[in-house]
Amino acid sequence: MVNDDGYTLSSDRERIDLERVHRWLSTDAYWAMGRPLEQMRAALAGSEPFGVYDRAGEQVAIARVVTDGAVFAYLCDVYVDPAHRGRGLGSRLVQHLREHYAARGLNRFVLVTRDAQAVYARHGFTEVEPGRWMECDLRAVRAGVEAAP
C-alpha cells in the first residue's frame with residue numbers, strides 16, 4: 001500500500017532489513033536493548049513482520065505481530081526511525097494492523113508499553129483490567145530469580 005507521501009507499508013518479510021531493525025531495537029528501544037542479532041532473526045521468523053519504506057525503498061519503520069491467526073494477536077517491536085518520526089507513520093502502521101487483524105476475524109489484539117499508552121489509546125487500545133492479565137518474566141527465570149509467593 002503506497003500513500004500519497006510516498007511511504008509504502010508492506011507485509012513482505014523478504015523486504016525486512018534485519019541488520020537495520022536489529023540496530024534500531026538493540027540500541028534505541030528500551031524493551032530490546034542488547035537483543036542479539038540471532039534472537040532478532042528468530043523473532044522475525046516466528047512472527048508476522050510489517051515494514052514501512054520510503055520512496056527509495058529504504059526501511060523506515062517496523063512492527064511485528066505474534067498471532068495464532070484465529071483468535072489472538074500480540075503487537076510488538078513497533079519502531080520508527082528517528083529521521084522519519086513526526087509524520088504519522090507509527091500511527092498509520094498501528095491503524096493498518098488493527099484493521100488487518102480485525103478483518104481476519106481475530107478477537108483480541110494486545111500490546112505492552114511502558115510509556116505510549118496515549119498513542120495506542122487513539123487506536124482503540126485500552127488498559128487491561130487489573131486482576132486478570134498476568135505475566136511471567138522469563139528473564140528472571142533464566143537468571144535464577146524466583147518470584148515472591
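Below or above, wherever it landed, is the structure these notes cover. (Residues numbered from 1 in each chain as written. Predicted model: local features only at pLDDT ≥ 70, side-chain atom pairs only at ≥ 80, totals over all residues. Heavy atoms only, no water.)

A look at the environment of Tyr53
Applicable threshold: Strands are runs of DSSP state E lasting at least 2 residues, helices are runs of H or I lasting at least 4, and numbering of each runs from the N terminus. In what follows, residue pairs with any heavy atoms lying within 4.5 Å of each other are defined as contacts. N or O atoms within 3.5 Å of each other form a polar contact, as long as, within protein, one can give a hydrogen and the other can take it, and as long as residues adjacent in sequence are counted only when both atoms are side-chain atoms.
Position of Tyr53 among the secondary structure elements: in strand 2 (residues 48–53). Linking Tyr53 and Arg35, residues 18 residues apart in sequence, is a C-alpha distance of 23 Å. When neighbours within four sequence positions are excluded, Tyr53 is seen to be in contact with Gly6, Tyr7, Thr8, Ser10, Asp12, Arg15, Ile16, Glu58, Gln59 and Val60. From its side chain, Tyr53 meets the backbone oxygen of Arg15 in a polar contact 3.3 Å long.

So, the sheet that holds strand 5 (residues 108–111)
Two strands in a sheet stick together by hydrogen bonds in their backbones, pointing the same way (parallel) or opposite ways (antiparallel). Quick note on the threshold: DSSP bridges decide pairing: two strands pair if at least two such bridges lie between them. The axes used here are C-alpha line fits, helices contributing only the stretch in contact, and every angle between their N-to-C directions lies in the interval 0 to 180 degrees.
With respect to topology, five strands assemble into an open sheet ordered 1-2-3-4-5, the strand pairing being mixed. On the outer flanks of this sheet lie strand 1 (8–10) and strand 5, each paired with one strand and no other. The mean angle between the axes of side-by-side strands here comes to 20°, regardless of whether they run parallel or antiparallel. In this sheet, strand 4 (residues 72–80) lies alongside strand 3 (residues 59–67) in antiparallel orientation, the contact comprising six bridges. In the sheet register, Val65 faces strand 4, and the bridge partner there is Leu75. Seen against the sheet, helix 1 (residues 18–28) touches strand 3 and strand 4 and runs at an angle of roughly 80° to strand 3. The strands that helix 2 (residues 37–45) touches are strand 2, strand 3 and strand 4; relative to strand 3, the one it contacts most, it runs at about 65°.

Re the packing of aromatic side chains
Stated precisely, the cut-off is as follows: Paired rings are identified among Phe, Tyr and Trp, the last through its six-membered ring, by centres lying within 6.5 Å, and are further divided according to the angle between planes into stacked (under 30 degrees), edge-to-face (over 60) and tilted (the rest). Each residue is assigned to one of three classes by its accessible area relative to the maximum for its type, calculated with a 1.4 Å probe on protein chains only: buried under 20%, partly exposed between the two thresholds, exposed over 50%.
If you walk through the whole model with that rule in mind, you get six aromatic pairs. Look at Phe50 and Tyr101: their rings are 6.3 Å apart centre to centre, the planes differ by 80°, and that puts the pair in the edge-to-face class. Taken together, the residues Phe50 in strand 2 and Tyr101 in helix 3 (residues 89–103) connect sequence positions 51 residues apart. A residue is classified by how much of its surface remains accessible, and Phe50, at 3% relative accessible area, is buried. Clustering of aromatic rings is evident, with ring pairs tying together Phe50, Tyr101, Phe109, Tyr120 and Phe125.

Topic: helix 1
Within the span of helix 1, buried status applies to Leu18, Arg20, Val21, His22, Trp24, Leu25 and Ser26. Along its buried surface, helix 1 packs onto helix 2, strand 3 and strand 4.

Brief notes about the nonpolar core
Proteins that are soluble and globular tend to have nonpolar side chains buried together. Worth spelling out the cut-off: The set of buried Ala, Val, Leu, Ile, Met, Phe, Trp, Tyr and Cys residues whose side-chain atoms join them within 4.5 Å is what this entry labels a nonpolar core.
In terms of nonpolar packing, the biggest core is built from 23 residues, with Val52, Val65, Leu75, Leu97, Phe109 and Tyr120 touching the most fellow members. Breaking this core down by element, the ones donating at least two residues are strand 2, strand 3, strand 4, helix 3 and strand 5. The leading source of residues in this core is helix 3, at five residues. Residues within four places of Val52 in sequence aside, it is in contact with Tyr7, Thr8, Leu9, Glu58, Gln59, Val60, Ala61, Leu89 and Leu93. Within the second largest apolar cluster, 13 residues are counted, among which are Leu18, Ala29, Ala32 and Met40.

Things to note about the packing of helix 1 against helix 2
Counted only if it meets this: The scheme is simple: roughly parallel for angles under 35 degrees, roughly antiparallel for over 145, roughly perpendicular for 65 to 115, oblique for anything else. Two helices that cross are described as forming a left-handed crossing if the nearer one is turned anticlockwise from the farther one by less than a right angle, and a right-handed crossing if clockwise.
One way to put it is that helix 1 packs onto helix 2 with a least axis distance of 10 Å and a crossing angle of 115°. When the axis of helix 1 is compared with that of helix 2, the two are roughly perpendicular. Considering the relative orientation of helix 1 and helix 2, their crossing is right-handed. Every residue of helix 2 that contacts helix 1 at Leu18, Val21, His22 and Leu25 is listed here: Leu37, Met40, Arg41 and Leu44.

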